[in-house]
Amino acid sequence: MPNKSTPAIESIIVSLQKGEVIAYPTEAVFGLGCDPDNENAVNKLLELKQRPWEKGLILIADSYEQLKDYVDDKQLTEEQKQAMFATWPGPVTWVIPAKASTPKWLTGQFDTLAVRVTTHELVKKLCREYGKPLVSTSANLSGLEPCRTTNEVIAQFNKSIPVLDGVVGGRQNPSEIRDAKTGQLYRKG
């Protein structure tokens with residue numbers, strides 16, 4: 001029997017389909033997200049965050065299968081893949097070579113893409129029901145602390161974006177970021 005969608009998730013999915021930026025809880029903080037294949041939505045998110053496109057973005061997903069259209073894991077050895085898969089689902093973001101077809105609005109100035117398979121059940125359900133990964137960047141305006149509650153999101157963004165109400169996971173720090181090819185640590189988790 002299929003899981004029934006909650007009205008909250010159904011509403012957020014409609015917002016995503018309309019090209020809107022949304023907020024949702026993750027393992028440590030609320031994230032801002034949108035449909036990764038909608039250039040206008042990604043540009044709205046970058047403008048809202050005051051984030052330069054060159055930095056690239058993170059995709060968050062329910063499963064690795066959802067990320068395969070964006071990453072070129074043929075460039076990774078079996079050992080590199082196993083190191084990555086050993087941390088998922090979990091709070092580790094991996095930077096993987098991107099497919100040539102992956103839009104520059106996601107990769108920025110790089111030929112790689114940062115991706116994560118989340119453990120957060122609400123986000124897993126959202127990605128599963130939407131049928132694809134979401135862009136994921138911390139929900140905060142430039143210079144302010146990332147939001148950790150629905151009320152903080154509403155206060156920072158003045159109710160300008162739909163929020164999937166929920167509770168962040170128990171992590172204190174955002175996800176660790178590592179390079180899948182070299183193992184280099186970019187951000188400590």
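Refer to the structure printed above.
Residues numbered from 1 in each chain as written. Predicted model: local features only at pLDDT ≥ 70, side-chain atom pairs only at ≥ 80, totals over all residues. Heavy atoms only, no water.

> Could you clarify how one ought to interpret the pattern of salt bridges in this entry?
When the charged atoms of two side chains lie near each other, side chains of opposite charge can form a pair. In this structure the tally under the stated criterion is nine salt bridges. One salt bridge in this structure joins Asp35 and Lys132, with 3.0 Å as the shortest N-O distance. A residue pair is termed long-range when its members are at least 10 positions apart, and Asp35 in the loop between strand E2 (30-33) and helix H2 (39-49) and Lys132 in the loop between helix H5 (121-130) and strand E6 (134-138) qualify at 97 residues. For Asp35, a relative accessible area of 9% gives the class buried. Here Glu65 and Lys68 are joined by a salt bridge, their closest N and O atoms 3.3 Å apart. With a relative accessible area of 34%, Lys68 lands in the partly exposed category. Each of Asp35, Asp37 and Lys132 takes part in salt bridges that share partners, so that together they form one network. (Salt bridge = Lys/Arg side-chain N within 4 Å of Asp/Glu carboxyl O. Helix = DSSP H or I, 4+ residues; strand = E, 2+ residues; numbered from the N terminus. Buried < 20%, exposed > 50% of the residue type's maximum accessible area, 1.4 Å probe, protein only.)

> When you look at the packing of aromatic side chains in this model, what are you seeing that I'm missing?
Think of a pair of aromatic rings as described by two things: how far the centres are apart, and how the planes are tilted against each other in angle. Under the criterion given, the structure shown has three aromatic pairs. Each ring, one from Tyr64 and one from Phe85, has its centre 5.0 Å from the other, and the planes form 75 degrees; the classification is edge-to-face. Residue Tyr64 is located in the loop between strand E3 (58-61) and helix H3 (78-85), and its partner Phe85 is located in helix H3; the two are separated by 21 residues in the primary sequence. The exposure class assigned to Tyr64 is buried, which follows from its relative accessible area of 11%. In this structure Phe85 comes out as partly exposed when scored by relative accessible area, which is 30%. A centroid spacing of 6.4 Å and a plane angle of 55 degrees characterise the contact between Phe85 and Trp88, whose relative ring orientation is tilted. Trp88 gets classed as buried once you look at its relative accessible area, which sits at 11%. (Phe/Tyr/Trp six-rings, centres within 6.5 Å; stacked < 30°, edge-to-face > 60°.)

> Would you mind going over unusual backbone geometry with me for this structure?
With glycine set apart, most residues show a phi of negative sign, and most peptide bonds adopt trans. With an omega dihedral of -10 degrees, the bond running from Trp88 to Pro89 counts as a cis peptide bond. Tracing the backbone through its elements, the reader meets Pro89 in the loop between H3 and strand E4 (92-97). Unlike most non-glycine residues, Lys159 shows phi in positive territory, near 60 degrees.

> Help me understand the sheet that holds strand E5 (residues 112-117), please; the structure alone is not making it clear to me.
What holds strands together in a sheet is hydrogen bonding between their backbones, with the strands either parallel or antiparallel. Spatial strand order, E1-E2-E6-E3-E5-E4-E7-E8: eight strands in an open sheet with mixed pairing. The open sheet has two free edges, formed respectively by strand E1 (22-25) and strand E8 (185-187), since each of these has just one partner strand. Sheet twist, expressed as the mean angle between neighbouring strand axes with direction ignored, is 40 degrees. Of the pairings in the sheet, the one linking strand E7 (residues 176-179) to E8 comprises two bridges and is antiparallel in character. The partner of Ile177 across the bridge, within E8, is Arg187. (Pairing = 2+ DSSP bridges. Axes fitted to C-alpha atoms, helices over the stretch in contact; angles between N-to-C directions.)

> Got a minute to help me understand the pairing of E2 in this structure?
Every regular strand shows the same layout, with side chains that alternate between the two sheet faces. Judged by which residues are buried, E2 turns out to be covered on both faces: Phe30 and Leu32 on one side and Gly31 and Gly33 on the other are all buried. Pairing of E1 with E2 involves four bridges; the strand directions are antiparallel. Across the sheet, the residue bridging to Pro25 is Phe30, located in E2. Direction of pairing for E2 relative to E6: antiparallel, over a ladder of two bridges. Residue Leu32 lies in a different strand from E6, and its bridge partner there is Thr137.

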